[in-house]
Amino acid sequence: MTGPALTARRYHDHAHAAPSGVLRLTYEARFLRRKVIALTDGRDVLIDLPQTTSLNHGGVLITTQGAEIAVEAAAEPLIEVTGDALARIAWHVGNRHTPCQIESGRLLIQPDHVIVDMLARIGAATREVCEPFTPEGGAYGHGRTHGHDHGHGHGHGHDHTHGHGHDH
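A brief report on the enclosed structure follows. For clarity, every value in this text was computed on a predicted model and none was experimentally measured.

## A few points about the overall build of the chain
For the chain, the count of helices and strands is 2 helices and 10 strands. Reading the chain from its N end, one meets helices and strands in the order β-β-β-β-β-β-β-α-β-β-α-β. Relative to its 168 residues, the chain shows a buried fraction of 39%. By sequence separation, contacts in the chain at least 24 residues apart represent 65% of the contacts at least 6 residues apart. Carbon and sulfur atoms make up 52% of the accessible area of the chain, which totals about 9,300 Å².

This is how it looks when you write it as C-alpha cells:
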C-alpha cells in the first residue's frame with residue numbers, strides 16, 4: 001500500500017502561481033494540522049503542518065515539490081441573519097464569540113438553536129442556507145475568533161520575501 005503522492009508542509013494566505021489542485025473544505029474542516037484529504041480531482045494529499053492552522057478561503061498549501069494547492073470554502077449549512085438593526089444584531093453575535101461572516105445586508109453564522117432563539121428575541125430574521133462560510137478573523141490578526149491566541153502562529157508559518165512586490 002502506498003501513501004498519498006502529494007505532501008503539503010507549508011501554508012500561505014494567498015497564491016503565487018496557478019494551483020496544481022483544489023482542496024474544498026468546510027469551516028471546521030479547514031482547522032487542521034495533519035490529515036490525508038482528497039482534492040477535488042480525487043488525488044489525496046497528506047497535510048502535515050508544523051502546528052494546527054486555520055486554512056482560509058483563498059490560501060494555498062505548498063507541497064514538498066513546490067506546487068500550490070488552492071484552499072476553497074465548501075458550501076455548508078448556515079443561518080442567514082437579517083434585520084433592521086444589523087449592527088446591533090452583529091454586536092450580540094460577536095458578544096457570544098460566534099464565528100460570523102459579515103456582509104452589507106446580512107450575517108452568516110453556523111447553526112445554533114440557542115443563538116437563533118436569542119436573535120429572534122432581539123428582532124432578527126433567520127433562515128437556513130447552504131453556502132461557503134468565510135467568517136471574519138480575530139481582531140488581533142488572522143485566525144479563528146475562538147480562544148485567546150491573538151493570532152500568534154496562526155496561518156503564516158514561515159518568513160521570507162518574495163520578488164514580486166510584497167513581504168510577509
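Moving on, there is more to tell.
## Description of the pattern of salt bridges
Following the criterion strictly, the structure yields 10 salt bridges and no others. A salt bridge links R9 to D48, with the nearest nitrogen and oxygen atoms 3.5 Å apart. Of this pair, R9 sits in strand β1 (residues 6–12) while D48 sits in strand β4 (residues 44–54), and the two are 39 residues apart along the sequence. Of the charged contacts, one joins R43 and D41 as a salt bridge, the two residues approaching to 2.8 Å between their closest N and O atoms. According to the relative accessible area criterion, R43 is partly exposed, its value standing at 32%. Each of E80, E103, R106, R127 and E131 takes part in a single network of salt bridges with overlapping partners.

## Observations concerning the pairing of strand β3 (residues 31–38)
Sheet analysis places β3 next to β4, joined by 7 bridges and oriented antiparallel. The residue bridging R34 from the neighbouring strand is D48, located in β4. The antiparallel hairpin formed by β3 and β4 contains 5 residues in its connecting segment, where G42 sits at a positive phi of about 95 degrees.

## As for the sheet that holds strand β10 (residues 125–132)
Strand order in the open sheet made by the 4 strands is β8-β9-β7-β10, with antiparallel pairing throughout. The sheet is open, and its two edges are formed by β8 (100–102) and β10, each paired on a single side. Each adjacent strand pair in this sheet contributes to an overall mean axis angle of 30 degrees, direction not counted. Where helix α1 (residues 86–95) meets the sheet, its contacts fall on β7 (75–82), β8 and β9 (107–109), and the angle it forms with β9 comes to roughly 20 degrees.

## Observations regarding the packing of aromatic side chains
The final tally for this structure, using the stated rule, is 1 aromatic pair. Consider the rings of Y27 and F133, whose centres lie 5.2 Å apart with planes at 75 degrees: the pair is edge-to-face. One end of the pair, Y27, is in the loop between β2 (21–25) and β3; the other, F133, is in the segment after β10, and 106 residues separate them in sequence. Take Y27 and F133: they sit in the same class, and that class is buried.

## Observations regarding the sheet that holds β3
With mixed pairing, 6 strands are arranged side by side in an open sheet as β2-β6-β5-β1-β4-β3. Pairing within the sheet leaves two strands with one partner each, and these edge strands are β2 and β3. Taken over all neighbouring pairs, the strand axes of this sheet differ in orientation by 30 degrees on average, direction set aside.

## A word on helix α2 (residues 113–121)
When α2 is considered as a whole, its buried residues turn out to be I115, M118 and L119. On an axial view of α2, the arc spanned by its buried residues comes to 100 degrees, and they lie on one face. Of the exposed residues in α2, the ones pointing more than 90 degrees away from its buried face are H113, V114, A120 and R121. Those residues of α2 hidden inside the fold are in contact with β7, α1, β9 and β10. Here α2 starts with a cap whose side-chain oxygen sits 2.9 Å from the backbone nitrogen of V114, and that cap is D112.

Calculation rules
- Residues numbered from 1 in each chain as written.
- Predicted model: local features only at pLDDT ≥ 70, side-chain atom pairs only at ≥ 80, totals over all residues.
- Heavy atoms only, no water.
- Helix = DSSP H or I, 4+ residues; strand = E, 2+ residues; numbered from the N terminus.
- Buried < 20%, exposed > 50% of the residue type's maximum accessible area, 1.4 Å probe, protein only.
- Contact = heavy atoms within 4.5 Å.
- Areas by Shrake-Rupley, 256 points an atom, 1.4 Å probe, with all protein chains shown as cover.
- Salt bridge = Lys/Arg side-chain N within 4 Å of Asp/Glu carboxyl O.
- Pairing = 2+ DSSP bridges.
- Axes fitted to C-alpha atoms, helices over the stretch in contact; angles between N-to-C directions.
- Phe/Tyr/Trp six-rings, centres within 6.5 Å; stacked < 30°, edge-to-face > 60°.
- Arc of directions from axis to C-beta.
- Polar contact = N/O pair within 3.5 Å; in protein donor to acceptor, adjacent residues only side chain to side chain.

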